[in-house]
Amino acid sequence: MTLSRRSRRRAATLLLALSAVIPLLTGASAGADRAEPTTDATCVLNSHGVFASAVAPGGVDLHLPNTLVLTGTLSCVDAAGTPSASGTFERVVTMPATECTGDEHGDTATTNVHWTDQTDSTFRFDKIDVVKVNGTASLVITGAVTADSARFADDTINAVGTGTGAGCGTPAGQTVVDSTIVLRLTH
């Protein structure tokens, strides 16, 4: 059976109308392109940090200024899971107040990455949310790679991780922290 030109035009009009209505019914906007960010790399950052002053020695949890010097390694894979970059880093965090709950980590210090190919990148963390319980901290981090970086320039950073460091509330206090953070670098 052959459709007349008029029937084909009605079917095309109906199909066009349905294609505009379906996104509205599903909560998507018709014609809007909501592209997901493109993942350039997923990196695992392993760090060891040393506090300039012990945190909460003697069980006294005072909000005191402190400095944390972090060093470690970074290894990255591309979106397909192929190793793409590795290196070392350092980060010096000056905190207005430290405490055993971990609320001290609202810093915006930079992380200087030295890649194995002798190039450098700078990661700037805009926000670090830390919740610490019994020496283990959960970390949620957002930020960006600076525009002058050799790798991943202008990428957005979204990261999660954990940190551990015993000693808060003990006679000696907490003097070190070890962390593993997974960073997703996107553009």
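Our structure is the block above this text.
Attention in this report is confined to the structure presented alongside it. (Residues numbered from 1 in each chain as written. Predicted model: local features only at pLDDT ≥ 70, side-chain atom pairs only at ≥ 80, totals over all residues. Heavy atoms only, no water.)

### A closer look at the pairing of strand E5 (residues 120-133)
Counted only if it meets this: Pairing between strands is defined by DSSP: at least two bridges between them are needed. Strands are runs of DSSP state E lasting at least 2 residues, helices are runs of H or I lasting at least 4, and numbering of each runs from the N terminus.
Two elements, strand E4 (residues 110-115) and E5, share five bridges in a ladder whose sense is antiparallel. Paired with Thr111 across the bridge in E5 is Phe123. From the end of E4 to the start of E5, which pair antiparallel, there are four residues, and Gln118 there has a positive phi angle of about 75 degrees. The pairing of E5 with strand E6 (residues 136-145) spans ten bridges and is classified as antiparallel. Of the residues in E6, the one forming a bridge with Val133 is Thr136. Counted along the chain from E5 to the antiparallel partner E6, the turn is two residues long, and its residue Asn134 has a positive phi close to 50 degrees.

### What about the pattern of salt bridges?
Side chains bearing opposite charge may pair, as long as their charged atoms lie close to each other. Note the following rule: Criterion for a salt bridge: a side-chain nitrogen of Lys or Arg within 4 Å of a carboxyl oxygen of Asp or Glu. Think of it in three bands: with a 1.4 Å probe and only protein chains considered, a residue is buried below 20% of the maximum accessible area for its type, exposed above 50%, and partly exposed in between.
Overall, the coordinates contain three salt bridges when judged by the stated rule. Asp117 is paired through a salt bridge with Arg151; the nearest N and O atoms lie 2.9 Å apart. Here Asp117 is found in the loop between E4 and E5, whereas its partner Arg151 is found in the loop between E6 and strand E7 (156-164), with 34 residues between them in sequence. Taking relative accessible area as the criterion, Asp117 reaches 38% and is therefore assigned partly exposed. Asp129 is the partner of Lys127 in a salt bridge, and the nearest nitrogen-oxygen pair spans 3.7 Å. Among the residues examined, Asp129 registers a relative accessible area of 37% and is labelled partly exposed.

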